[in-house]
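# Coordinate analysis (summary)
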Amino acid sequence: MKRALLLLVVLIGMGSMLAQRPINPRVNNKKVNVAIKTGFNSSIYLISTLNIAGIEMNEIQNNYKMGYYVSLLTRINFKKHFIQPSLSYNINKSQTNFDYAEVQNNKSRGSALTPNYASINSTIHSIDLPFVYGYNFIKKSPYQMCFFVGPKVRYIWNSKAKFTYENFGGAAIEEDLRPFNIGGVIGVGVSVSNFFFDFTYEQVFNNISQSVSLLTAEGEKKPMTFNRRDNVISFSLGVLF
């Protein structure tokens, strides 16, 4: 929370600078720009399978949680077009809820069970390398509005990943995340002089779980399948140089 508040202060400060700084039209006419941006993100998983000890979890709820990121980028301009490689450090947070009573009672859906909702809270650190193509459908100095799209490579820092569990009755999940993942990026951006605002949607195309199992309170390891793809919506403020 302290980090999120600090980031909010940075964003407010950048907005204040935008209001006070003189317009610099030259920055929009450079062949190459470098930039830094920072912002908030909200992550959610698209879960195709959650199976514990042969029992399929059907009622799965995903909740957004706020994370944050910082990114360095290079923009190579060709009139209204540009290509933009970047490097970002991300902290994504999310929560997955499901009815754990079926596993505790070793019964499949349809049996008379009192619901017992458990949750998995995930905090994942990653390094992303997006490479996007952009088009400025408005480019009249010092203002620009653009659309961008492209692929990204994502490296998940396994040793930094943190998972907490609620209402699991002493059980825990042992999971190894897939280090390298492929995804896509799409978004829109608005620039005023050398300041810009980006709104971005990102999705990982593959299952980020490499191996996963449930460790019961009694020390028994049960097989588990957890197929999930990360989806992220982000908003950022940046400065072009």
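This text follows the structure it describes.
Parameters at a glance
Residues numbered from 1 in each chain as written. Predicted model: local features only at pLDDT ≥ 70, side-chain atom pairs only at ≥ 80, totals over all residues. Heavy atoms only, no water. Buried < 20%, exposed > 50% of the residue type's maximum accessible area, 1.4 Å probe, protein only. Helix = DSSP H or I, 4+ residues; strand = E, 2+ residues; numbered from the N terminus. Pairing = 2+ DSSP bridges. Core = buried A, V, L, I, M, F, W, Y, C linked by side-chain atoms within 4.5 Å. Contact = heavy atoms within 4.5 Å. Phe/Tyr/Trp six-rings, centres within 6.5 Å; stacked < 30°, edge-to-face > 60°. Lys NZ or Arg CZ within 6 Å of the ring centre and 35° of its normal. Polar contact = N/O pair within 3.5 Å; in protein donor to acceptor, adjacent residues only side chain to side chain.

This paragraph deals with the pairing of strand β10 (residues 195-204). Most of β10 is tucked away, with seven of its ten residues classed as buried. Here ten bridges tie strand β9 (residues 180-192) to β10, and the two strands are oriented antiparallel to one another. Within the sheet, the bridge partner assigned to S191 lies in β10 and is F196. Linking β9 back to β10 in an antiparallel pair, the connection comprises two residues, with S193 at a positive phi of about 60 degrees. Relative to strand β12 (residues 221-240), β10 runs antiparallel, the two sharing nine bridges. Among the inter-strand pairings, D198 is bridged to a residue of β12, identified as S236.

So, about the nonpolar core. Within the largest apolar cluster, 16 residues are counted, with the highest numbers of intra-cluster contacts made by F98, Y100, F168, I173, L214 and M224. Looking at this core, the elements that each hand over two or more residues are β1 (32-52), β5 (117-140), β11 (209-215) and β12. Residues within four places of F168 in sequence aside, it is in contact with F98, Y100, A118, S119, I120, I173 and L214. In terms of nonpolar packing, the next biggest core, distinct from the first, is built from eight residues, I124, I156, L177 and I208 among them.

It is worth spelling out the pairing of β5 at this point. Pairing geometry for strand β4 (residues 81-99) and β5, over 17 bridges, is antiparallel. Residue pairing for β5: N92 is matched across the bridge by I124. Relative to strand β7 (residues 162-166), β5 is paired through five bridges, and the arrangement is antiparallel. Counted as the bridge partner of S122 is F163 from β7. Joining the antiparallel neighbours β5 and strand β6 (residues 143-156) is a turn of two residues.

Most of the time, phi is negative for any residue but glycine, and the peptide bond is trans. Cis geometry is found at the peptide bond from S141 to P142, where omega equals 10 degrees. Looking at the element boundaries, P142 is found in the loop between β5 and β6. The phi dihedral of A53 falls on the positive side, at around 55 degrees, and the residue is not glycine. When you line up the elements, A53 lands in the loop between β1 and β2 (55-56). With relative accessibility at 30%, the residue A53 sits in the partly exposed group. Its identity as a non-glycine residue notwithstanding, S193 has a phi of 60 degrees, on the positive side. Checked against the element boundaries, S193 lands in the loop between β9 and β10.

Within the element layout of this structure, I76 appears in strand β3 (residues 60-78). I76 sits in the partly exposed class, given a relative accessible area of 28%. The sequence separation of I76 and V34 amounts to 42 residues, and the corresponding C-alpha distance is 8.8 Å.

For the rest of this paragraph, the subject is the packing of aromatic side chains. Counting across every chain of the model gives three aromatic pairs. Pairing F98 with Y100 gives two aromatic rings, centres 6.4 Å apart and planes at 75 degrees, and the pair type is edge-to-face. The pair F98 / Y100 is uniform in exposure class, with both members buried. Positioned above the aromatic ring of F196, the side-chain terminus of R75 is 5.8 Å from the ring centre.

Summarising the element assignment, N77 is placed in strand β3. With a relative accessible area of 7%, N77 lands in the buried category. Measuring from C-alpha to C-alpha, the distance between N77 and N33 comes to 8.0 Å, with 44 residues separating the pair along the chain. If we skip the residues at most four places from it in the chain, N77 touches K30, K31, V32, N33 and F82. Only 2.9 Å separates the side chain of N77 from the side chain of N33, close enough to count as a polar contact.

Relative to the helices and strands, N33 is located in strand β1. A polar contact of 3.3 Å, which involves the side chain of N33, links it to the backbone oxygen of F241.

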